[in-house]
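The primary structure of each chain is shown beneath.
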Amino acid sequence: MREAALSNEQAFHVVAWVERGKTPVIGVNGSAEKPEFRRRFKDGKECFISHAEMDAVSKLRDISPHDVLHVMRFTKRGNISMAKPCKYCHEYLRKKGIKKVRYTDWNGEWQKMTID
Ligand SMILES: [Zn+2]
């Protein structure tokens, strides 16, 4: 289930960034109550979802098609793990105009994806 996948992305375990010269714009998981992060589920419940990817992108003042969003996930033991953006992030990134994403996979290797 998707919810299970979402609940795996806890707090400080996921970090995302977009390079901006010498200073990357960094995002972390949270529950910022911004309207753009509001989600309504089929059962009528609402919540605010703010994943690291969304947080990083929401801090960008301008977005270019050349921007690359990087997403890393760490397990509790400190190993690098799967950080592929979930469906909510995917939708958010597409709306915001982010095209290129790099994320770590189960083996800690970088993978690329294109959002279209
Ligand atoms: Zn997500």
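Our structure is the block above this text.
Residues numbered from 1 in each chain as written. Predicted model: local features only at pLDDT ≥ 70, side-chain atom pairs only at ≥ 80, totals over all residues.

Here's the deal with the nonpolar core
Then, in step 1: One finds Ala16, Ala56, Leu69, Val71 and Leu93 to be the most contacted residues of the largest nonpolar core, which totals 18 residues.
Then, in step 2: When residues of this core are traced back to their parent elements, those giving at least two are strand 1 (14-18), helix 2 (52-58), strand 5 (68-74), helix 3 (87-96) and strand 7 (100-104).
Then, in step 3: For this core, the element with the highest residue contribution is strand 1, accounting for five residues.
Then, in step 4: In this structure alanine 16 touches Gly27, Ala52, Glu53, Ala56, Leu69, His70 and Val71, once residues within four positions along its chain are discounted. (Core = buried A, V, L, I, M, F, W, Y, C linked by C-beta atoms within 7 Å. Buried ≥ 20, exposed ≤ 12 C-beta atoms within 10 Å, placed from the backbone. Helix = DSSP H or I, 4+ residues; strand = E, 2+ residues; numbered from the N terminus. Contact = placed C-beta atoms within 7 Å.)

Some remarks on the environment of serine 50
Then, in step 1: Along the polypeptide, serine 50 turns up in the loop between strand 4 (46-48) and helix 2.
Then, in step 2: Accessibility expressed as a C-beta count within 10 Å gives 21 for serine 50, which makes it buried.
Then, in step 3: Put simply, serine 50 and glutamate 33 are 17 residues apart on the chain and 8.3 Å apart in space, counted from C-alpha to C-alpha.

Function cannot be read off these values alone, since they describe shape.
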